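Results of the structural survey
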Amino acid sequence: MNKVKRLKYYANGQWKDSRTEKYMPVYNPSTGEIQAEAPCCTSKEVEEAIAAANAAFPSWATTPVIK
């Protein structure tokens, strides 16, 4: 049996390993097989991602779509 890949979460411009012990299966829609596991991030990780998004928003909001 193949080992299922555990995904990382993205915050503040970086892919990071989660400290959670809870993961959700990611299914291949054509076969129904589990192809990966996505982390159910901790509240601290979610807060980190929100803070990073808030900090990035002012410059991002004025960036033209083409860029």
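Everything discussed here concerns the structure shown above.
Read on for a plain summary of the structure.

Thresholds applied
- Residues numbered from 1 in each chain as written.
- Predicted model: local features only at pLDDT ≥ 70, side-chain atom pairs only at ≥ 80, totals over all residues.
- Heavy atoms only, no water.
- Salt bridge = Lys/Arg side-chain N within 4 Å of Asp/Glu carboxyl O.
- Helix = DSSP H or I, 4+ residues; strand = E, 2+ residues; numbered from the N terminus.
- Buried < 20%, exposed > 50% of the residue type's maximum accessible area, 1.4 Å probe, protein only.
- Polar contact = N/O pair within 3.5 Å; in protein donor to acceptor, adjacent residues only side chain to side chain.
- Contact = heavy atoms within 4.5 Å.
- Pairing = 2+ DSSP bridges.

1. Brief notes about the pattern of salt bridges
Applying the stated criterion to the full structure yields three salt bridges. A salt bridge links arginine 6 to glutamate 37; the nearest nitrogen and oxygen atoms lie 2.8 Å apart. Within this pair, whereas arginine 6 is found in strand β1 (residues 5-6), its partner glutamate 37 is found in strand β5 (residues 34-39), the two being separated by 31 residues in sequence. On the basis of relative accessibility, which here comes to 22%, the residue glutamate 37 falls in the partly exposed class.

2. Regarding the side chain of serine 18
Mapping serine 18 onto the fold places it in the loop between β3 (14-16) and β4 (23-27). A polar atom in the side chain of serine 18 sits 3.1 Å from the backbone nitrogen of threonine 20. Within polar-contact distance, the side chain of serine 18 engages the side chain of glutamate 45 at 2.7 Å. When residues no more than four places from it in sequence are discounted, the contact partners of serine 18 are Tyr9, Tyr23, Pro39, Cys41, Thr42 and Glu45.

3. Points about the pairing of β4
The pairing of β4 with β5 spans five bridges and is antiparallel. Considered in β5, the bridge of valine 26 is made with alanine 36. Counted along the chain from β4 to the antiparallel partner β5, the turn is six residues long, and its residue glycine 32 has a positive phi close to 80°.

4. Comments concerning the sheet that holds β1
As summarised here, the arrangement of the three strands in space is β1-β5-β4, forming an open sheet in which the pairing is mixed. Two strands lie at the open edges of the sheet, namely β1 and β4, each paired on one side alone.

Purely spatial values, then, with no claim about function.
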